[in-house]
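Take a look at the letters that make up each chain.
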Amino acid sequence: MKGGRIKNIIPWLLIAVQLCLLVFFAFNRLVDGDEGFYLSAAREVAEGQTLYADFFYPQMPYLPHIFSVFAGKGFTTLYLTRLASVLMGLLTTGIFYLILKRLTTDKVTINFILALYVFSGMIISWHSVAKTFAWTDLFLIGTFYCLVSFVRSPRLWHPVVAGVLMALAVNTRLVFVPLVVLFLIPFIVVSGRKWGKYALAYIVPMIITAIPGIIYLLRDTRRFMFDNLYFHFMRNPGVEFPQSYYQKLFVIGKLLVNPQIMLLLILVVGAYLYGRKVHANSAGGSIFTSPAGIAGITAGVITIVYFLPNPVLQQYFVQAIPFALIVSVKGVEHYLSAIRRGMAGAFKSKLPAIVTAVYILGIIPYFVVFVGAVREFDGHTDIGNMTRICAAINEYPGDDPILAELPMVSVLANKPVVKGVEFLGFEYPLPLDDSEQRYFRLVLNEDLKRILDNKEVSYYIVVNDPPDELVASTEANYQLQGTYERFKVYRRKS
């Protein structure tokens, strides 16, 4: 009886631990460069600007509108949006736990899989920032929960809610468009002759929820498509075949040497093969009526889609983790059952405890990298350094705009920017001519030179040094006020 109570308490303890980890990272993690992009877009939306038409923004439209509620409060904006992401991350964990309970009644299996999710360094690192990951993970895992529930006991509300959540996921991050069709298939397969009814119950709410995004698409199609799609295939200028493939292989290599990712892959493959062996003589069914089958395809689609952009980043693959873990549930359950029945050797009996211990220790590098900011290219964006920069900028009061290469500076200092440099304060090297760059609301060095020559901004903040084309204008009109790690802050001469 006592052991049963402990097993019931463990999930809540794990979720409490995750809350502590996420909140700690939210207040101490270094500022991610993309956070500045999302929060500057939110600020512009809050001030009445229109995404894509008025300024460049390379993601789908919903998140800036959500974050706009918190805009205009400097560091408070950063912390509030991060805590909002933490809340989304916790909700994702709660739904993930409910899915595990639907897939197995074995509490040891549930606690083991949940622990691997809770102590995932990638989950902690990317669900504690003001970015899309926590939000889209919630929408996707919520959709999957509706699918699992529908497979077990079809109800009309399952496809309705799934359609709404899928629309929210796609309108936050475009890469999930393939999952729209993938998640429709189980509703059709399971519902039999009523497939039309349930397909419409999925599609119609999805379209209604997506109407604001559709309006953006129709109102400014060229900019919408460039910002959300084409830009992501050219944002690593000069890196073409075969270098782009080497970069992707390099990312794969970094993922495979990550102890947590390596253990997770071994677990998924091993659990899948073990489960197949146990069920070798059982009757098969459609992969689209199996939660593990749907989860496996989902993880595969997410992984494949995220290898398409140029460049590929490790952080993308955090979104495959919950689905990969779901694939392993039945295999883990059978393995743990064999251990309890005494059908495993001494080493195999200790293996789950060893894996758990090594996996939990694997979270330490994430503290070192994202809180300790030990990498040379990260240290300048830690919370302490960003606080010092903003304090220096706000030393002289006034509402004059500033020019910063990275938008996070103006967001955290709560300073206005010059129209046309909302997203970036430097010329982004793209295979576009000047007229095309201006059309897509991207700034050019000649525009920046004009701003500096006219002393339109009170401060000019750069990483390392001003571009060669802007050195003369900077030296003539601004003086170096201070150096903060890699940041240099120039103040307008009187």
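So, a few notes on the structure that sits alongside this text.

The rules behind the values
Residues numbered from 1 in each chain as written. Predicted model: local features only at pLDDT ≥ 70, side-chain atom pairs only at ≥ 80, totals over all residues. Heavy atoms only, no water. Helix = DSSP H or I, 4+ residues; strand = E, 2+ residues; numbered from the N terminus. Rg over C-alpha atoms; globule rule 2.2 N^0.38 Å. Buried < 20%, exposed > 50% of the residue type's maximum accessible area, 1.4 Å probe, protein only. Contact = heavy atoms within 4.5 Å. Areas by Shrake-Rupley, 256 points an atom, 1.4 Å probe, with all protein chains shown as cover. Lys, Arg positive; Asp, Glu negative; His and termini not counted. Charge placed at Lys NZ, Arg CZ, Asp CG, Glu CD. Pairing = 2+ DSSP bridges. Arc of directions from axis to C-beta. Axes fitted to C-alpha atoms, helices over the stretch in contact; angles between N-to-C directions. Parallel < 35°, antiparallel > 145°, perpendicular 65-115°, else oblique. Nonpolar A, V, L, I, M, F, W, Y, C, P; charged D, E, K, R; others polar. Patch = residues over 30% accessible without salt bridge, like charges linked within 9 Å, V, L, I, M, F, W, Y side chains within 5 Å. Salt bridge = Lys/Arg side-chain N within 4 Å of Asp/Glu carboxyl O. Phe/Tyr/Trp six-rings, centres within 6.5 Å; stacked < 30°, edge-to-face > 60°. Lys NZ or Arg CZ within 6 Å of the ring centre and 35° of its normal. Left-handed = near helix turned anticlockwise from the far one by under 90°.

A closer look at the overall build of the chain
Per the secondary structure count, the chain includes 24 helices and four strands. Since a compact globule built from 494 residues should have a radius of gyration of about 23 Å, the 25 Å found for the chain is in line with a globular shape. Viewed in the frame of its principal axes, the chain has a C-alpha envelope of about 80 × 50 × 45 Å. Counting the 494 residues in the chain, one finds 54% classified as buried. Across the chain, contacts joining residues at least 24 apart in sequence account for 72% of those joining residues at least 6 apart. Of the roughly 21,400 Å² of accessible surface on the chain, a fraction of 66% belongs to carbon and sulfur atoms. Distance between charge centroids for the chain: 19 Å, based on 44 positive and 33 negative side chains.

Observations concerning the pairing of strand 3 (residues 478-484)
Pairing of strand 3 with strand 4 (residues 487-492), which is carried by six bridges, proceeds in the antiparallel orientation. Looking at strand 4, one finds that T483 is bridged to K488. Here strand 3 hands over to strand 4 after two residues, with E485 in that stretch at a positive phi of 55 degrees.

Here we look at helix 23 (residues 445-453)
Along helix 23, the positions that sit buried rather than exposed are N445, D447, L448, I451 and L452. Buried residues of helix 23 fall within an arc of 155 degrees about the axis and therefore sit on the same side. Buried residues along helix 23 sit against strand 1 (403-404), helix 22 (434-439), strand 2 (459-463), helix 24 (471-477) and strand 3. Looking one or two residues past helix 23, K455 carries a phi angle of roughly 55 degrees, positive in sign.

Observations concerning the packing of helix 9 (residues 177-191) against helix 15 (residues 291-306)
Put simply, helix 9 and helix 15 touch, their axes get as near as 11 Å, and they point 170 degrees apart. In terms of axis orientation, helix 9 runs roughly antiparallel to helix 15. Every residue of helix 15 that contacts helix 9 at P178, L179, L182, F183 and P186 is listed here: I294, I297, T298, V301, I302 and V305. Considering only residue class, the contact of helix 9 with helix 15 consists of 10 nonpolar, one polar and no charged.

Some words on the pairing of strand 4
Relative to strand 4, strand 2 runs antiparallel, the two being bridged by five bridges. Paired with Y460 across the strands is Y490, a residue of strand 4.

Comments concerning a negative patch on the surface
Residues E427, D433, D434, D468 and E469 make up a contiguous surface patch of negative charge. Among the structural elements, D468 can be located in the loop between strand 2 and helix 24. Taking the relative accessible area as the measure of exposure, D468 reaches 71% and is therefore exposed.

Observations concerning the packing of aromatic side chains
One pass over the structure, following the stated rule, counts 33 aromatic pairs. One aromatic cluster is present, built from ring pairs that chain together F37, F56, F226, F231, F423, F426, Y428, Y439 and F440. Cation over ring: R29 sits above W126, and NZ or CZ is 4.5 Å from the ring centre. One Lys or Arg, R222, reaches over the ring of Y439 and ends 4.4 Å from the middle of that ring.

What to know about the packing of helix 8 (residues 157-170) against helix 10 (residues 195-209)
Two elements in contact, helix 8 and helix 10, have axes separated by 7 Å at closest approach and are oriented at 35 degrees. For helix 8 against helix 10, the interelement crossing comes out right-handed. Contacts between helix 8 and helix 10 involve P159, V160, A162, G163, V164, M166, A167 and L168 from the former and Y198, A201, Y202, P205, M206 and T209 from the latter. Split by residue class, the contact of helix 8 with helix 10 holds 12 nonpolar, two polar and no charged.

Points about the sheet that holds strand 1
Taken together, four strands build an open sheet; the order of strands is 1-2-4-3 and the sheet is mixed. The open sheet has two edge strands with one neighbour each: strand 1 and strand 3. In the sheet, strand 1 pairs with strand 2 via two bridges, with the strands oriented parallel. Looking at the pairing, L403 lines up with Y460 of strand 2.

Structural notes on unusual backbone geometry
The residue after N310, namely P311, is reached through a cis peptide bond having omega 10 degrees. Here P311 shows up in the loop between helix 15 and helix 16 (321-327). With a phi angle near 70 degrees, N464 is a residue other than glycine that sits in the positive phi range. Locating N464 in the fold gives a position in the loop between strand 2 and helix 24.

Here's the deal with the side chain of E44
Note on placement: E44 falls in helix 2 (residues 33-46). On the basis of relative accessible area, E44 is assigned to the buried category, the value being 4%. Residue contacts for E44: discarding those within four places in its chain leaves Q49, F55, V417 and E422.

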